[in-house]
Amino acid sequence: MAQGLVSFFRRIILLREISSLVMLLAVVLVFFAISPLFLSWENIAVILEIIPELGIVALGVTMLMISGEFDLSVGSVFAFCPIIMTMFVVWGFSPLLSVIIALLVAMLLGALNGFITLFFGIPSFITTLGAMLIWRGAVLLVTGGWPPPFPTEMSTGILVGKLGFLRASIFWYGAIAVLLWFILERTDFGNWVFATGGNQVAARAMGVDTQRVKFINFMLCSLLAGFAGLIQSFRLATTLPSMGTGLEMDAIAATVIGGTALSGGVGTVIGTVIGAFLIRVIDNGLVIVRAPSYWFRVFIGIAIILAVILNSFVRERTKKLRC
Amino acid sequence: MGDDKYLVEMLNIHKWFAGVCALRGVDFAIGYGEIVGLVGDNGAGKSTLIKILSGFYPPDEGKIFFEGEEKHFSSPREARKLGIETIYQEAAMVPKMSIMRNIFMGRELLSFRMGPVGYLDIPRMEEESMTALQKVDLKLRSPHALVDELSGGQRQGVAIARAMYFKSRLVILDEPTNNLSVKESQRVLEFIKELKKQGISSIFISHNLYHVYPVADRIVILSHGEKIGDFRKEETSVEEITRLMILP
Ligand SMILES: Nc1ncnc2c1ncn2[C@@H]1O[C@H](COP(=O)(O)OP(=O)(O)OP(=O)(O)O)[C@@H](O)[C@H]1O
Ligand SMILES: [Mg+2]
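Residues numbered from 1 in each chain as written. Chains lettered and ligands numbered in written order. Predicted model: local features only at pLDDT ≥ 70, side-chain atom pairs only at ≥ 80, totals over all residues. Heavy atoms only, no water.

1. Here we look at the overall build of chain A
The cut-off we apply is this: The helix and strand labels rest on DSSP assignments: H or I over at least four residues marks a helix, E over at least two residues marks a strand, and numbering proceeds from the N terminus. The contact criterion used throughout is that any non-hydrogen atoms of two residues lie within 4.5 Å. Residue burial considers only the protein chains on display, and all accessible areas are found by Shrake-Rupley using a 1.4 Å probe. Positive: Lys, Arg. Negative: Asp, Glu. His and the chain ends are not part of the count. For this purpose, a charge sits on NZ of Lys, CZ of Arg, CG of Asp or CD of Glu.
On a plain count of helices and strands, chain A comes out with 14 helices and two strands. For the C-alpha atoms alone, the extent of chain A along its principal axes is close to 70 × 55 × 30 Å. Counting only contacts in chain A whose residues sit at least 6 apart along the sequence, the fraction spanning at least 24 positions is 77%. Summed over all atoms, the accessible surface of chain A reaches about 14,400 Å², with 76% contributed by carbon and sulfur. In chain A, 19 side chains carry a positive charge and 14 a negative one; their mean positions are 10 Å apart.

See the structure below:
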């Protein structure tokens, strides 16, 4: 009985997501203790409204990071995609077609990252750092710094329409998370993603087309960033050229807090969902308790370091406590 | 002009790397069910030779025959389709993945396909991986244990079980006993003998002649990119091979 309890406890500790989950609960409790308003229905609705944008980007970053690559350009694609959409609407294309074109462009930008990284064999950190600057620059060039008017004919219901006190975007986020969890944990492609990031040479020797796996994940990551950008611009009914600035850092933070290894091969969808919640909860909680907003960066910084310490150090220790 | 008394025949293989000549005109053949030991000093070209055979790179010159038929491999995947499986010490496994997922990596068992992705048949993979491990007499707790938690010898065992499960024709082991204790090395040698019992050919690369000699049917010696010896075991002795290996 006691032994069963110990082994149950060990299993829990060894779960990849546990450290982020504990941190999330702790943060929620602290904010709730300071201000009970924090867990009011109104505030929960606010959190659920802002979470999908970061959350969806972070899921793409996670898939790519597990396969061993980075994408720093997600914040710029996040801004670029809605602007493409608006431009096409202004040129007289139907809103639906404009959305599809914008998403295809986002995917194309991911394909470009993938092609340059894989064909020339350079680090994706560099490729996507370049891409980040280029597409942010392009956004400013295209808009001249002024946001184009958000098309009035745009129907924003399917992405951000209100359903009770929730917005549709949270359901999109949920659906994407479930789909990616399924792909990663239950399909052959998911197995190749882990294998590619975990040991590319071994994966290749076993016939996994590692270049293809990475290329697909580059496209997926960029597509999701563009999609999240559309959600935000629909929610705010604008296309600001500054949208998504710094988002790449938050997305990587959510991913790493959730237990994904920077070096690839390890990571979970659930962890990243928890990581994204943690970041947005800290963000929102600081507002609720009226702390100055610069504390946000400080806390996220602490959360990242703490999560990684908990993940590696505590797990190693626990493993040694075996039987 | 391949000779089909061999499973694989490599003729006049040359390979250059940025001015370094790694292989110059090597002929190398493996018979059916034969264990060939490939020995030579560091940098002799052993790994290069078998990387060409397993499709990692093409030869700059020379021909490869599989069962008498000429082949050009443009990727490891093509070589593997013919049943040529390569096991590298560090690179055979993904440490952070489970034993089961490693065994089926790239050849997953599926329940059904949904367009581009297939749904993993996890119960069948669990069962089959345990069966495969039992065939090499490897007793492991669970197919879900991480490869990270296995010893070097056990990893070789899993890799060999995998090659057997997928009915490979030729298993190439690059330094399988590197960094292993004496006892673990013995286990690996047992695994290799098990391959032969199943009629699977193998190439066993090592610079430790004392590991190769007891199990090999034939021993090939490389030095500075050239083949300097090719003996059936009964025609030679450890002393003779050692003498050849240490020649300048
Ligand atoms: N990818 C490469 N690029 C450049 N040179 C290489 C490459 N691979 C091998 N070489 C060179 O080719 C020669 C043969 O190397 P190889 O790895 O085949 O030797 P080896 O017999 O396997 O040695 P070891 O016992 O140390 O593993 C060496 O001089 C090596 O430096
Ligand atoms: Mg070598």
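2. A closer look at the packing of helix α3 (residues 41–66) of chain A against helix α12 (residues 247–257) of chain A
All names here are of chain A. Selection rule: Between N-to-C directions, angles cover 0 to 180 degrees, with each direction set by a line fitted to C-alpha atoms, over the stretch in contact for helices. Here the angle decides the label: under 35 degrees means roughly parallel, over 145 means roughly antiparallel, 65 to 115 means roughly perpendicular, and every other value means oblique. Each crossing gets its handedness from the near helix: less than a right angle anticlockwise from the far helix is left-handed, clockwise is right-handed. The residue classification treats Ala, Val, Leu, Ile, Met, Phe, Trp, Tyr, Cys and Pro as nonpolar and Asp, Glu, Lys and Arg as charged. All others, Gly included, are polar.
Between α3 and α12, whose axes approach to 8 Å, the crossing angle comes to 65°. Judged by the inter-axis angle, α3 sits roughly perpendicular to α12. The chirality of how α3 crosses α12 is right-handed. On α12, the residues touching Leu-54, Val-57, Ala-58, Val-61, Thr-62 and Met-65 of α3 are Leu-247, Asp-250, Ala-251, Ile-252, Ala-254, Thr-255 and Val-256. Classifying every residue of the contact of α3 with α12 by side-chain character gives 10 nonpolar, two polar and one charged.

3. A closer look at the interface of chain B and chain A
To be explicit about the condition: Note on definitions: buried area is the accessible-area loss of two parts on being combined, 1.4 Å probe, summed for both. Salt bridges are defined by distance alone: a side-chain nitrogen of Lys or Arg within 4 Å of a carboxyl oxygen of Asp or Glu. The term polar contact refers here to a pair of N or O atoms within 3.5 Å; inside protein, the definition further demands a hydrogen-donor-capable atom paired with an acceptor-capable atom, and it admits residues adjacent in sequence only when both atoms are side-chain atoms.
Opposite the 31 residues of chain B that make contact, chain A presents 25 residues. Carbon and sulfur atoms make up 59% of the area that chain B and chain A hide from each other, which totals about 2,300 Å². Per-residue buried area on chain B facing chain A is highest for B:Phe56, B:Arg101 and B:Met105; these three make up 20% of the total on that side. Taken together, the connections running from chain B to chain A amount to one salt bridge. Salt-bridge contacts for A:Asp188 lead to B:Arg113; the nearest nitrogen and oxygen are separated by 3.6 Å. Linking chain B with chain A are nine residue pairs in polar contact (both at pLDDT 80 or more), by the criterion used here. At four residues, the largest contribution of residues to the side of chain B that touches chain A is made by strand β8 (residues 117–120) of chain B. Tallied by class, residues from the side of chain B that touches chain A come to 17 nonpolar, three polar and 11 charged.

4. Some points on the sheet that holds strand β5 (residues 69–71) of chain B
Residues and elements named next belong to chain B. This is how it is decided: A pair of strands is considered paired only if DSSP assigns at least 2 bridges between the two.
Taken in spatial order, the four strands of this open sheet run β2-β1-β4-β5, and their pairing is antiparallel. Of all strands in the sheet, those with a lone pairing partner are β2 (20–31) and β5, marking the two edges. If you compare each strand with its neighbour and ignore which way they point, the axes differ by 25° on average. Where strand β1 (residues 6–17) and β2 come together, eight bridges link them in antiparallel fashion. When the bridges of β2 are listed, Glu-9 appears paired with Ala-29. Its contacts with the sheet place helix α1 (residues 46–53) against β1, β2 and β4 (61–66), and it is angled at close to 120° to β1.

5. Quick notes on the confidence of the model for chain A
The line we're drawing: As a per-residue measure, pLDDT tells how confident the predictor is, with possible values from 0 to 100.
Averaged over all residues, the pLDDT of chain A is 90; the fraction at 70 or higher stands at 95%. Looking at the elements of chain A, mean pLDDT is at its lowest for helix α1 (residues 2–14) of chain A, recorded as 71, and at its highest for helix α9 (residues 188–198) of chain A, recorded as 97.

6. Re the site of ligand 1
All names here are of chain B. Rule in force here: In this text, near means that some heavy atom of the residue lies within 4 Å of the molecule or strand in question.
With respect to spatial proximity, 13 residues lie near ligand 1, and among them Asn-42, Gly-43, Lys-46, Ser-47 and Thr-48 are the closest. One nitrogen or oxygen atom from the side chain of Lys-46 is found 2.7 Å from an oxygen atom belonging to ligand 1. Notes on ligand 1: free accessible area 630 Å², of which the protein chains cover 62%. Looking at the shell around ligand 1, the elements with two or more residues in it are β2 and α1. For the shell around ligand 1, the leading source of residues is α1, giving three residues. Grouping the constituent residues of the shell around ligand 1 by class yields four nonpolar, six polar and three charged.

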